[in-house]
Amino acid sequence: MTSTRPLAHPASSPIVAIDVDGVLNPANATHAETLGYRPHRYDGLGPDGRRVTGTV
């Protein structure tokens, strides 16, 4: 037999996290161009705070 306990009430408001990695950047570059995507050069800080450059 399984018992079900009520969920605890959160101390703060809920948070919504959306992962867009890859969704807005099609893997096939040729197909991406036909959809109107264009490559952009990035030169700035990465998620770890180090400087990165590249094309996205």
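Structure's up top.
Below is a summary of the structure that appears in this document.

Parameters and conventions
Residues numbered from 1 in each chain as written. Predicted model: local features only at pLDDT ≥ 70, side-chain atom pairs only at ≥ 80, totals over all residues. Heavy atoms only, no water. Helix = DSSP H or I, 4+ residues; strand = E, 2+ residues; numbered from the N terminus. Buried < 20%, exposed > 50% of the residue type's maximum accessible area, 1.4 Å probe, protein only. Areas by Shrake-Rupley, 256 points an atom, 1.4 Å probe, with all protein chains shown as cover. Salt bridge = Lys/Arg side-chain N within 4 Å of Asp/Glu carboxyl O. Contact = heavy atoms within 4.5 Å. Pairing = 2+ DSSP bridges. Patch = residues over 30% accessible without salt bridge, like charges linked within 9 Å, V, L, I, M, F, W, Y side chains within 5 Å.

1. Concerning the overall build of the protein chain
So, step 1. The secondary structure content of the protein chain amounts to one helix and two strands.
So, step 2. Helices (α) and strands (β) of the protein chain occur, in sequence order from the N terminus, as α-β-β.
So, step 3. The proportion of buried residues among the 56 residues of the protein chain is 7%.
So, step 4. For the protein chain, the accessible area works out to roughly 5900 Å², and carbon and sulfur atoms hold 58% of it.

2. Regarding the pattern of salt bridges
So, step 1. Under the counting rule described, the total for this entry stands at two salt bridges.
So, step 2. One salt bridge connects R51 with D43, and the closest N-O pair in it is separated by 3.5 Å.
So, step 3. Taking the relative accessible area as the measure of exposure, D43 reaches 48% and is therefore partly exposed.
So, step 4. Between R50 and D48 there is a salt bridge whose closest N-O contact spans 2.8 Å.

3. A few points about the environment of G54
So, step 1. Structurally, G54 is set in strand β2 (residues 51–55).
So, step 2. Considering only alpha carbons, one finds G54 and H40, 14 residues apart in sequence, at a separation of 8.4 Å.
So, step 3. Discounting residues that sit within four places of it in the chain, G54 has contacts with H40, R41 and Y42.

4. Brief notes about the pairing of β2
So, step 1. In the sheet, strand β1 (residues 41–45) pairs with β2 via five bridges, with the strands oriented antiparallel. Following the sheet pairing, G44 is matched in β2 by V52.
So, step 2. Connecting the antiparallel pair β1 and β2 is a turn made up of five residues, with G49 showing a positive phi of about 90°.

5. Some thoughts on a nonpolar patch on the surface
So, step 1. On the surface, Y42, L45, V52 and V56 cluster together into a nonpolar patch covering about 360 Å² of accessible area.
So, step 2. The topology assignment puts L45 in strand β1.
So, step 3. The exposure class of L45 is exposed, given its relative accessible area of 55%.

6. Quick word on the environment of T53
So, step 1. Mapped onto the fold, T53 is located in strand β2.
So, step 2. For the pair formed by T53 and D43, sequence separation is 10 residues and the distance between their alpha carbons is 4.3 Å.
So, step 3. Apart from residues no more than four positions distant in its own chain, T53 is found in contact with R41, Y42 and D43.

None of this, on its own, says anything about what the molecule does.
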